[in-house]
Amino acid sequence: MTRRTKIKALLESEQTDIEVLVKGWVRTFRNNQFIALNDGSTNHNLQVVVDFENTNPAKLKRLTTGAAISVSGTLVASLGKGQKVEVKAKEIDILGDCDAETYPIQPKKHSLEFLRENAHLRFRTNTFGAVFRVRNTLAYAIHQFFQERGFVYLHTPIITASDAEGAGETFHVTNFDLNRIPKTDDGEINYEEDFFGRATNLTVSGQLEGELGALALSDIYTFGPTFRAENSNTTRHVAEFWMIEPEMAFYDLNDNMDLAEALLKYVIKYALEKNADDIEFLTQRLLDEEKQKPQQARSEMNLVEKLNFCLDKDFERLTYTEAIDILKESTPNKKKKFQYPIEGWGTDLQSEHERYLVEKHFKKPVILTDYPKQIKAFYMRQNDDGKTVRAMDILFPGIGEMVGGSQREERLDKLEQRMDEMGISKEELWWYLDTRRFGTCPHAGFGLGFERLIMFVTGMGNIRDVIPFPRYPKNAEF
Ligand code: 4AD
Ligand code: MG
């Protein structure tokens, strides 16, 4: 019995006239003779040539789109164009029938919305095969980048009692019977009777625990799911997303920016090399999609060009204050084209502003630093001006914020003062403050939104299409 070979390996095979065993799903079957077979190892299909004169007609009928089959035969040089090799079938077994009438994935173009509703089957399309292979490669590349640099992969808790970002957008975790929630004498929920004896939630970020690790192990990173109950129905937000959060002792904000820029370039380059076929397919997909748009709405660069462009260019670094000056003087601001006009210093940038800076003004990734303290989290290091903090956001074309990070406030008195100002409990975060009491040191870190990175590398326009089973308001199917 020969062992099954994956289609990717067969298509790259230098040898022909060998016996092979392949398994996969039928994409199409035409002229009662040619099966396009795919097993997910590559975007390309393997052509299987059926000897229809010597095949039972009942079996030929079962070779429908979506059917799982096993084929043994000979790998031969192909006469047809479009492929180097093909398999001349000797024996075909139907492993799983697929009713052509009711199978949702037809051999035609489906809309992304339709495929989202059929997310359980969308892996079987070229687009989603490519997206999820790229996702896999990026995850691997991220680990490789950090491992090569001696970082320790740290697992921070999924269930926690803290809201690291202080934004109050957490999902509660409880095992109370929701119809009979225990109350205290004054009518409050009695969390003492809950599983953990206190109120808990799903983590919004592993950063605070990550800092504890960095203040002993020097360089750590987390890579795990995070959860936010923000009710934003946008193409860039999901309620469950994966985040990469490195945290480095003895780093200042410049070191932090250097590391983030190096990481992004490393993983994009890695995917371009490792998944060249998939990215080429996705590039073509985008070009086709753009043909529907008017000329001036089309991008100047295609996907591959855009990715390479990011590798070649230094990211632009400037302060929030400098960015505000640019935006104030910008044509869209003067012509009142922004939905949120730039009036003064101190408010958060909207995505239209970020896009202007990245896509129109600098035309490359931009790192903004030193944001006003009132729009950033309590843990960011305070600048001497009393107004700004050592924050950084990395903005990407078409994506907006890809990375958020900062140098951390390592001075106990400054940190406690800021927590008081912002109403964050020092008692609850006693363990976080302990690191500032015992051997504190300058340190910094950032969070990279994994799905936003995948959006950039695949060119997909909606975050719901780069995570297998997206979670968003009013949707938790699958
Ligand atoms: O800017 P954020 O909120 O930063 C933090 O959570 C820090 N604790 C990170 C750190 O310094 N260790 O989130 C970081 C990144 C964002 O830049 C964005 O890419 C992504 O996480 N992100 C989301 N991605 C998808 N859906 C959402 N709802 C997201 N919210 C944030
Ligand atoms: Mg942020």
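Residues numbered from 1 in each chain as written. Chains lettered and ligands numbered in written order. Predicted model: local features only at pLDDT ≥ 70, side-chain atom pairs only at ≥ 80, totals over all residues. Heavy atoms only, no water.

> Tell me about the overall build of the protein chain, residues and numbers included.
In terms of regular secondary structure, the protein chain is built from 14 helices and 16 strands. Counting only C-alpha atoms, the protein chain reaches 85 × 60 × 45 Å along its principal axes. Within the protein chain, contacts between residues separated by at least 24 positions form 68% of all contacts whose residues are at least 6 apart in sequence. Carbon and sulfur atoms make up 49% of the accessible area of the protein chain, which totals about 24000 Å². (Helix = DSSP H or I, 4+ residues; strand = E, 2+ residues; numbered from the N terminus. Contact = heavy atoms within 4.5 Å. Areas by Shrake-Rupley, 256 points an atom, 1.4 Å probe, with all protein chains shown as cover.)

> Hey, could you go over the sheet that holds strand β1 (residues 18–30) for me, with residue numbers and the actual values?
With mixed pairing, the five strands of this closed barrel are ordered in space as β1-β2-β3-β5-β4. Between one strand axis and the next, the sheet turns through 55° on average, direction left out of account. Summarising the sheet, β1 and strand β2 (residues 34–38) pair through five bridges and their orientation is antiparallel. Residue Val26 lies in a different strand from β2, and its bridge partner there is Leu37. (Pairing = 2+ DSSP bridges. Axes fitted to C-alpha atoms, helices over the stretch in contact; angles between N-to-C directions.)

> Just give me the short version of the site of ligand 1, but keep the residues and values in it.
Lining the immediate surroundings of ligand 1 are 24 residues, of which Glu165, Gln207, Glu230, Glu245 and Glu401 lie closest. The contact in question runs from an oxygen atom of ligand 1 to an N or O atom on the backbone of Gly404, over 3.4 Å. A distance of 3.4 Å separates a nitrogen atom of ligand 1 from a polar atom in the backbone of Phe446. For ligand 1, whose unbound accessible area comes to 630 Å², protein coverage reaches 93%. Looking at the shell around ligand 1, the elements that each hand over two or more residues are β11 (240–249), β15 (400–407) and β16 (443–449). Among the elements that make up the shell around ligand 1, the one with the highest residue count is β15 (five residues). (Near = heavy atom within 4 Å. Polar contact = N/O pair within 3.5 Å; in protein donor to acceptor, adjacent residues only side chain to side chain.)

> Give me the pattern of salt bridges: which residues, what numbers.
Taken as a whole, this structure holds 32 salt bridges when the rule is applied. With its nearest N and O atoms 3.9 Å apart, the salt bridge here joins Glu290 to Lys293. Residue classification places Glu290 among the buried residues on the basis of a relative accessible area of 12%. Among the residues examined, Lys293 registers a relative accessible area of 35% and is labelled partly exposed. Beyond isolated ion pairs, a larger network of salt bridges with shared partners links Glu211, Glu247, Arg408 and Arg436. (Salt bridge = Lys/Arg side-chain N within 4 Å of Asp/Glu carboxyl O. Buried < 20%, exposed > 50% of the residue type's maximum accessible area, 1.4 Å probe, protein only.)

> Now, about empty space enclosed by the protein: what can you tell me, with residues and values included?
Taken as a whole and judged by the stated rule, the model has one cavity of 30 Å³ or more. The computed volume of the largest cavity comes to approximately 30 Å³. Lining the largest cavity are Glu230, Ser232, His237, Val238, Ala239, Tyr472 and Pro473. The residue inventory of the lining of the largest cavity, partitioned by class, reads four nonpolar, two polar and one charged. (1 Å grid on protein atoms, 1.4 Å probe; cavity = no way out; pocket = protein on both sides within 12 Å on 5 of 7 lines; lining within 4 Å. Points joined across faces, edges and corners; volume = space filled by probe spheres on them. Nonpolar A, V, L, I, M, F, W, Y, C, P; charged D, E, K, R; others polar.)

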